Structure formats: structure tokens, C-alpha cells
Amino acid sequence: IKNANTRLPSSALVKMWDLAVQQSGDPYIAIHIAHCFKPTSLSALGMAMAASRNIYDALLRCSRYSSMVSDAHIITLEETENELAYVARPRPELRELTHIYGMTTILCCLYQMLKDIAGEFVQVKEVHFEGQLASRKPFEDFFGCPVFYQADCNKLILSKENVYSEQIFANDKLAGSLDEWIEEYLASSQQELLATRVQKFLLKNLIYGELSQAKVAIGLGMSTRTLQRLLKEERAVYSELFDNCRKKLALKLVSQSEQPLLEVAFMLGFSDQSNFTRAFKRWTGTTPHQY
């Protein structure tokens, strides 16, 4: 366990949570763990979140690289006009290993880390857990909002009012370097994942011309149907992989090159600068020029 790169099976962690609650006598142990939690507890991912431009960017990283922490859940960000939800759904084949103590700890620690990063700007509106404990009050006191048990998924719902406010310790270059380290780590530990190969291909070739799904499939030596089937088996969505890669290249080109925005838009496959600006604002909450 002293090896920073050790991967522990979910079945062992379920036993650990039961023993932790049994020995502490505290089913709300997640709250105490959160008070001791720091961004460095999540290694490079936590540090990249701490160096992120804003809460939205930090949660995007947390979602995109969630498999660095655990592969037991499918993590997504879901948005409405006024709310941003960090959603964790157990993978069907690992549902029996989903544990209320582990999940409460994940969301408590995430909230604590966001508070450490952004101070009082974090406004949680609701917290949902699939499981339940005897009382909701300890968690409602901790999060400062309503908590719901026996929900259809686990999620932390934030107000979008301050998710785009720049963080005090934002450092784009540091965050980008940590992203590269995380991606190399995930690629080395998950070499067989097609989603990783697709992302590497897109990042390498996207700026050299329009890339359709069919062209990516040919580049990886398979048919489009096979590409779609294998990605579906990994619960990956091509359009999301494409969007993530386009965003990463857009941030790099806008911040590190002298090329006109129109040229950057065309390089990334946008038909005009206004479409690029709309996409960029969806990714970052601001325009390319302001960024």
C-alpha cells in the first residue's frame, strides 16, 4: 500500500469500509475522512484539479480521469442552465461492490477539496445517494443542503453561479503538464482500452484535417462498425472523446500560439469562428479572446 501506483480491488475496499465503520463505531466516518482530505491525496489528479482554472474545469478533470481513482463507477457531468451535477453510477458488473460508506466518502472528499480550492464559492444545492444510513442530518450539516437517500444515482449538484470564477491558485501550464502525466499513466495501465487509442489518434491528427469516425476507424485498422461496438463495450462515446480532444487542442492553440482564431477554428474542424466561439464558451465559460 506504500507504493503510490498500487491498484486495490474493489472487493477488498468493500471489506475495508465495513471494518472501518465497525472499529470506529461511526457510520458517518466519511465526514471525518473529508476533514483530513487534501488535493494531494489524489496524487496528480488532485494537484491538477487544484491548479485548474475554475471549479468547472476541476470537475471536468475529475470526470475525465476518474478511472485513475476507481474504475467501479461511470462518472459524468450533467448540466442544466443553472446547475452542474457530478454524477457517479456504478458499473452494472460491479454494482454489488458499490458501498454506501465508500460513496459517501467520495462525495464528502470531493466537496471538501472543492472548498479548499475555491473557498466559499462552492454552493451545493443537493446531494443524492443510492444507499442510505439511519439519518441524513450529519450529511446535511456537512454539505449545508438537502440530502436524499435511495436515489437513482449518486450525485453532487452545484449552483453554476460561481463554477466559472477563476481559482486563486490556477496554473494552466502546471495543470496541462499534470494532464499529460495522468494520460501517460492511464495509457500504460490500460493499454488495451480502445478509447485511449482513439484519443491518442485524434490528438495527433485532428489539426491536419477533418476527421470523421470512419477515418479514425481506418487509421486504427478496423471498420466503423467494429470501432462503435468496441467503444460501446468500454462504455465510451465517440462524440465525447472527440469533443474532449478538440477542447484540449483548442486550449493549447489559443493560449500557446499566435494563430488567428479563425485559423484555429478551421484547424479544429469548425465551419466558422462563431461556431468555434460557442463551443469554446461551453467548454470554459468564456470566449477564446477572453481566455
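1. Describing the pattern of salt bridges
Scanning the entire structure with this criterion turns up 11 salt bridges. Asp 57 serves as the salt-bridge partner of Lys 247, at 3.2 Å between the closest nitrogen and oxygen. Residue Lys 247 is found in helix H11 (residues 238-256), and its partner Asp 57 is found in helix H4 (residues 55-64); the two are separated by 190 residues along the sequence. The exposure class assigned to Asp 57 is buried, which follows from its relative accessible area of 12%.

2. Overview of unusual backbone geometry
Of note, Ser 43 is a non-glycine position whose phi angle comes to about 55°, a positive value. A positive phi angle is found at Arg 235, which is not glycine, with a value near 60°. Tracing the sequence through the fold places Arg 235 in the loop between helix H10 (224-233) and H11.

3. Points about the packing of aromatic side chains
Across all of its chains, the model carries 13 aromatic pairs by this definition. Between Phe 129 and Phe 139 the ring centres are 5.6 Å apart and the planes differ by 50°, which places this aromatic pair in the tilted class. With Phe 129 in the loop between strand E3 (124-128) and helix H6 (137-143) and Phe 139 in helix H6, this residue pair connects regions lying 10 residues apart in the sequence. Side by side, Phe 129 and Phe 139 carry an identical accessibility label, which is buried. The cationic tip of Arg 64 hangs over the ring face of Tyr 65; the distance from NZ or CZ to the ring centre is 5.5 Å. Taking NZ or CZ as reference, Arg 246 lies 3.9 Å from the ring centre of Phe 270, over its face.

4. Concerning empty space enclosed by the protein
For the structure on display, the rule yields 1 cavity of 30 Å³ or more. Roughly 50 Å³ of internal volume is contained in the largest cavity. Around the largest cavity, the lining residues are Arg 53, Asn 54, Tyr 56, Asp 57, Leu 251, Trp 283, Thr 284 and Tyr 291. Secondary structure elements with two or more residues in the lining of the largest cavity: H4 and helix H13 (273-284). Considered class by class, the residues forming the lining of the largest cavity number 4 nonpolar, 2 polar and 2 charged.

5. So, the sheet that holds E3
Pairing is mixed across the open sheet formed by 5 strands, whose spatial order is E1-E2-E5-E3-E4. One side of each edge strand has no neighbouring strand; the edge strands of this open sheet are strand E1 (73-79) and strand E4 (147-148). Sheet topology places E3 next to E4; 2 bridges connect them, and they run parallel. The partner of His 128 across the bridge, within E4, is Phe 148. Against the sheet, H4 contacts E1, strand E2 (83-90) and strand E5 (154-159), and its axis sits at roughly 155° relative to E1. Strands E1, E2, E3 and E5 of the sheet are contacted by helix H5 (residues 100-118), whose axis makes an angle of about 20° with E5.

The rules behind the values
Residues numbered from 1 in each chain as written. Predicted model: local features only at pLDDT ≥ 70, side-chain atom pairs only at ≥ 80, totals over all residues. Heavy atoms only, no water. Salt bridge = Lys/Arg side-chain N within 4 Å of Asp/Glu carboxyl O. Helix = DSSP H or I, 4+ residues; strand = E, 2+ residues; numbered from the N terminus. Buried < 20%, exposed > 50% of the residue type's maximum accessible area, 1.4 Å probe, protein only. Phe/Tyr/Trp six-rings, centres within 6.5 Å; stacked < 30°, edge-to-face > 60°. Lys NZ or Arg CZ within 6 Å of the ring centre and 35° of its normal. 1 Å grid on protein atoms, 1.4 Å probe; cavity = no way out; pocket = protein on both sides within 12 Å on 5 of 7 lines; lining within 4 Å. Points joined across faces, edges and corners; volume = space filled by probe spheres on them. Nonpolar A, V, L, I, M, F, W, Y, C, P; charged D, E, K, R; others polar. Pairing = 2+ DSSP bridges. Contact = heavy atoms within 4.5 Å. Axes fitted to C-alpha atoms, helices over the stretch in contact; angles between N-to-C directions.

In short, shape yes, function no, at least from these values alone.
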